[in-house]
Amino acid sequence: MQLLTKASYSDAVTPLEAENLHIAYLAACEGMVLLKNEGVLPLQSKTVALYGAGGSMTIKGGTGSGEVNERHSVSILEGLERRGFTITTHDWLHTFEQAYHDGLAAFNKERKRALFTSGAKSVMELMTAGYQSPEEAAIIPDTTTDTCIYVVRRQAGEGADRRLKPGDYLLTQRELDNIRICAEQYKYFVLVINCGSGMDLSSLDDIPGIGAILYFCQLGTQGGLAFADVVSGTVSPSGKLADTWAKQYSDIPFGNEYSYCNGNLDNEYYKEGIYVGYRYFDSFSIVPRYPFGYGLSYTDFSITFDKVSLDGTEAVVQAAVRNVGSTFSGKEVVQLYASAPETDLDKEYQRLVAFAKTDVLAPGACQTVTLSFPLDALSSYREADACTVLEPGNYLLRLGSHSRNTTPVALLTLSQEVILSRHENLFALQQPMEVLHAPTRTAEQIPSTISCLAIDPAIFKTITYKYETPAECDDPRVQKLMQSFTIDEMIDLVVGIGMFGGKTRFTLPGAVGNTTSQFWDRGLANATLCDGPAGLRIQKRSTVTKKGKVKAVDLVLSLLEILPNFVQSMMRGDPTKDPVIYQFTTAFPVATALAQTWNINLLYQVGSAVNAEMERYGCTYWLAPAVNIHRNPLCGRNFEYFSEDPLLVGRMATAITQGVQQKPGYYVTVKHFACNNQEDNRVLVSSNVTERAMREIYLRAFELPVRVGHAKGIMTSYNKVNGTYSPNSHDLCTKVLRNEWGFDGVVMTDWFSTTKGRADSALAMSAGNDLIMPGGKSYKREIRNGLRSGLIQEADIRRCCANVIHAILDSAIQKEYIG
């Protein structure tokens, strides 16, 4: 059978690769956040002493499914040298590199040895265990320059949370000693944080001489070049934090109970309720180290309120932004927050309701920005009567550059309560849980000159949701195919063919999953599913044997390096014997860095770039974006997620979704639905959360890309929500997703989430999961057993099958190869 693939037999850089590298570069430039600058940046000298583990071994992104197999990533060292800097400390950097590689080799050798004596659970722990960098050498200052950059690096990934200890969330003593040496010995010293989420920097408070701190985050393939351009002043930093950085970990609400911290990995209690991130810090008057939305530039801006208006159920604020500096051009992010009236229903001090980023403004230049938001963004969910409400009173709008730097600019008044929607109470807690209640706010003096507008209650219409079993897709094309399917064949279609395996008619090397190809001759192609969210993760090099079999040259996941050599040799192709095919994709900045751009248009471009690579190589479903909330900075996958704020998450994810799905037949898969906010024991833990917090914080991040972005795919999470596995939750998968939000795409399980001892495959389909992944015989057997026992009805299987068929018939791969 002829191999059907879109991989190339040439390894030449294509125009598409070059275009996407440029978009990755732009995102990297805007994803960095300047946290401190005492006149050190931009650098005046191009001769630099570069130290720290991340100097030459810069981390581009996290591990696990969020990895990307790009052609090459530019380190900070390489980026500086390519931009004309002279680095004086190559010997120190090389010493660390050698120690790192020697340590990694020993680490992998020990993991391989332990593999043969471990049970299945321990094997997964071994495969996800992260290698800890060796201790770096003490710094002996180079005296040929007065300028120094020190790069702290941290790695995290799927399967484990970060540790509250030196070498992870905390700085090590050697790092502190080296930072102190650099701060004392160099006139111009820049500290750089190369980490996918925040760190505790409190130990730096007694080290004078740190002239600048730059949060590099993890910036993908072009990070080093973007870094060089920012520190040289070619680009002015314009990133803003997507999270609050606490002064110390103890400031985080219930941080001592998070994940492994209290020894209970079976239940995670979201006792902070709606008070997540800045909502907590602002409401409880806790001063952060760096506030949500904070970030410096090389220039200064003024933000002047212009006017506010109401347009139906939308509020519109206009503001003038001026670059008041005299030297540097730059961009500013304007942020609009709202404070709701205090009532018996707890409210946070303020919430983000809109934001806008300017164009590049030259010194003296001014731009008017428009910030608009739907008035339902001011609403709250009331559990007592299961209603989303706008309560009567004053809604104060605050305009500024970050959450702790705002000015009251307008007052919206509502004379009577408005019920926006009526729901059923969902996600019942297994037992009562006491949650935080904010202290009563001190009455705020409102300027008498403030703009004041009355909201007309009559403009709203109450929606009453009906919770019904979704109808089977009635598309004539779908129904025609369905008529030829037996119930067993329907089960074959709704269960994937396995991870990195199974026979496919169309082959995308490195796809993490496929639907079956057995119905190709009936006119139904196989869909390919590829990991994200920092880019399209597929194999960059594969061989094709004489029999047409495709084998990886490079392992598609770094965790596979633990496998014995003889297993790897069976998996890998030999490029000296067989022809090589190539698929080069782009490693974009991680989601945290993308959120720090606060640039909707730029994220649409990132989505468009991913779409172009999906089209080039034949991907149907991109398993991204990931929109779980940054509930705690120790979450191992925070780098894959955007922010602590559901609006910022939702807007970023919606922009990417619209970029990816701009061409018909290419689909995002928004994940992990829902409350996948920790990695330790993620497959068994129950996230116990109130319905109000679910609706206002954790689900709202998913709602925007579904309602506004029209996402065509959703992936359920491993964990339980209030005792029920997410894939088995009818409340999540049907009542919220389809009945309330009108989702009309495919819901799929996360990989292996319905294996023995976890969620049930048959119940997952009954709850509303259309596609069970990665699939295999055991999954099909479980569904057939469920059908025989009455756990699932034939109508459930038909409905799921019809949804999968509809998606494949509309896919680009279907149109290209079958028509």
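Bear in mind the structure is a predicted one, so any value in this text is a computation, not a measurement. (Residues numbered from 1 in each chain as written. Predicted model: local features only at pLDDT ≥ 70, side-chain atom pairs only at ≥ 80, totals over all residues. Heavy atoms only, no water.)

### Considerations on the environment of Ile140
Positionally, Ile140 belongs in the loop between α4 (120-128) and β4 (147-153). Remark: the alpha-carbon pair of Ile140 and Thr89, spanning 51 residues in sequence, is separated by 9.9 Å. (Helix = DSSP H or I, 4+ residues; strand = E, 2+ residues; numbered from the N terminus.)

### Some words on the packing of aromatic side chains
In total, this model carries 23 aromatic pairs according to the counting rule given. Arranged with centres 6.5 Å apart and planes meeting at 55 degrees, the rings of Tyr51 and Tyr186 form a pair that is tilted. Here Tyr186 lies in the loop between α5 (173-185) and β5 (188-194) and Tyr51 lies in strand β2 (residues 47-51), a separation of 135 residues in the sequence. Each member of the pair, Tyr51 together with Tyr186, is buried. Judged by centre distance (5.7 Å) and plane angle (75 degrees), the rings of Tyr169 and Tyr249 are edge-to-face. (Phe/Tyr/Trp six-rings, centres within 6.5 Å; stacked < 30°, edge-to-face > 60°. Buried < 20%, exposed > 50% of the residue type's maximum accessible area, 1.4 Å probe, protein only.)

### Quick word on the nonpolar core
Formed by 91 residues in total, the largest nonpolar core has its most connected members in Phe642, Phe673 and Tyr698. In terms of residues, this core owes the most to one element, helix α13 (residues 646-660), which gives eight residues. Setting aside residues up to four positions removed in sequence, Tyr698 forms contacts with Tyr270, Glu272, Val276, Ile629, Arg631, Cys675, Asn677, Val689 and Ala693. In this structure, Ala49, Tyr51, Val74 and Cys217 belong to the second largest nonpolar core, which totals 67 residues. (Core = buried A, V, L, I, M, F, W, Y, C linked by side-chain atoms within 4.5 Å. Contact = heavy atoms within 4.5 Å.)

### Focus: the side chain of Glu70
Its location among the elements puts Glu70 in the loop between β2 and α2 (76-82). Given a relative accessible area of 10%, Glu70 falls into the buried group. A polar atom in the side chain of Glu70 sits 2.8 Å from the side chain of Ser73. Not counting residues within four places of it along the chain, the set of residues in contact with Glu70 comprises Lys60, Thr221, Lys540, Thr585 and Ala587. (Polar contact = N/O pair within 3.5 Å; in protein donor to acceptor, adjacent residues only side chain to side chain.)

By themselves, these are just geometric observations and shouldn't be taken as functional.
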